Amino acid sequence: MSRTVILFGTESGNAEMVAEDLVEELDGNHDAVAIDMTDYDISEFSTEDSYIVVCSTHGDGELPSGARPFFEALESDSPDLSGVRYSVFGLGDSSYETYSHGSEIIDEKLRALGAERVGEYGRHDASDGSLPNDDALEWLRTVFVAS
């Protein structure tokens, strides 16, 4: 049975909270699970599963500490991800030049390894006062309708 794997990379925990809300929203209609990128073995990528990447940005546009081991494993192992489909929701603050850059780094790497991004790229902008969970749930509804 296919499942929806929500991989989150975070520094302060906001991406984890968003991922948990996405799992709750999908509960009942999908087999969904949230997994910290630091705990995900990249050899487990499957064309049978769908993936959602939820990633924050840290510092000057860097990956959050929770996403670095995942990115480094992708970089060093270079798995063939052809046939893997994923969607992305980035967290950031548009008052910074590097807005949403953490998720963009992961997105670029996945595409370079052959994975296909589906649906609209979702983003939360902390500068507008909206809640990331609300924005992510609204985005999720459009992604699952579109894919």
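1. With respect to the overall build of the protein chain
Here is step 1: Each helix and strand in the protein chain was counted, giving four helices and six strands.
Here is step 2: Helices (α) and strands (β) of the protein chain occur, in sequence order from the N terminus, as β-α-β-β-α-β-α-β-β-α.
Here is step 3: The 147 residues of the protein chain split such that 46% are buried.
Here is step 4: For the protein chain, contacts bridging at least 24 residues in sequence account for 79% of all contacts bridging at least 6.
Here is step 5: Carbon and sulfur atoms provide 42% of the accessible area of the protein chain, an area that totals close to 7300 Å².

2. Describing the nonpolar core
Here is step 1: Formed by 25 residues in total, the largest nonpolar core has its most connected members in Leu7, Phe45, Phe70, Ile106 and Leu110.
Here is step 2: Of all the elements in the fold, those that place two or more residues in this core are β1 (4–9), β3 (50–55), α2 (68–77), β4 (85–92) and α3 (101–112).
Here is step 3: Leave out the neighbours within four places in its chain, and phenylalanine 45 touches Leu7, Tyr40, Tyr51, Phe70, Leu74, Leu81, Val84 and Leu110.
Here is step 4: By size, the runner-up hydrophobic cluster in this structure holds 18 residues, among which are Val18, Ala19, Phe89 and Val143.

3. Concerning the pattern of salt bridges
Between side chains of opposite charge, pairing is possible as soon as their charged atoms come close.
Here is step 1: Under the counting rule described, the total for this entry stands at seven salt bridges.
Here is step 2: Between glutamate 104 and arginine 123 there is a salt bridge; the shortest N-O distance is 2.8 Å. Here glutamate 104 is found in helix α3, whereas its partner arginine 123 is found in strand β6 (residues 122–125), with 19 residues between them in sequence.
Here is step 3: A salt bridge links arginine 117 to aspartate 107, with the shortest nitrogen-to-oxygen separation between them at 2.5 Å. Of this pair, arginine 117 sits in strand β5 (residues 116–117) while aspartate 107 sits in helix α3; the two residues are 10 residues apart in sequence, bridging distant segments of the chain.
Here is step 4: Note on arginine 117: relative accessible area 32%, which makes it partly exposed.

4. Some thoughts on the pairing of β1
Here is step 1: Where burial is concerned, most of β1 is hidden: six out of the six residues are buried.
Here is step 2: Examined bridge by bridge, β1 and strand β2 (residues 32–36) share five bridges and lie parallel to one another. For valine 5, the partnering residue across the bridge sits in β2 and is valine 33.

5. Re unusual backbone geometry
Here is step 1: The phi dihedral of serine 78 falls on the positive side, at around 45°, and the residue is not glycine.
Here is step 2: With respect to the secondary-structure elements, serine 78 resides in the loop between α2 and β4.
Here is step 3: Classification of serine 78 as partly exposed rests on a relative accessible area of 45%.

6. As for the side chain of serine 87
Here is step 1: With respect to the helices and strands, the residue serine 87 is situated in strand β4.
Here is step 2: Overall, serine 87 belongs to the buried group, its relative accessible area being 4%.
Here is step 3: Among the polar contacts made by the side chain of serine 87, one reaches the main-chain carbonyl oxygen of valine 118 at a distance of 3.0 Å.
Here is step 4: Filtering out sequence-adjacent residues up to four positions away, serine 87 remains in contact with Tyr51, Ile52, Val53, Val118, Trp139 and Val143.

7. Some details on the environment of glycine 102
Here is step 1: By the element assignment, glycine 102 lies in helix α3.
Here is step 2: Residue glycine 102 is classed as buried on the basis of its relative accessible area of 0%.
Here is step 3: Each C-alpha atom, one on glycine 102 and one on leucine 63, is 4.6 Å from the other, the two residues being 39 residues apart in sequence.
Here is step 4: In this structure, glycine 102 is in contact with Cys55, Ser56, Thr57, Gly61, Glu62 and Leu63, ignoring residues within four places of it in sequence.

Quick notes on the rules
Residues numbered from 1 in each chain as written. Predicted model: local features only at pLDDT ≥ 70, side-chain atom pairs only at ≥ 80, totals over all residues. Heavy atoms only, no water. Helix = DSSP H or I, 4+ residues; strand = E, 2+ residues; numbered from the N terminus. Buried < 20%, exposed > 50% of the residue type's maximum accessible area, 1.4 Å probe, protein only. Contact = heavy atoms within 4.5 Å. Areas by Shrake-Rupley, 256 points an atom, 1.4 Å probe, with all protein chains shown as cover. Core = buried A, V, L, I, M, F, W, Y, C linked by side-chain atoms within 4.5 Å. Salt bridge = Lys/Arg side-chain N within 4 Å of Asp/Glu carboxyl O. Pairing = 2+ DSSP bridges. Polar contact = N/O pair within 3.5 Å; in protein donor to acceptor, adjacent residues only side chain to side chain.

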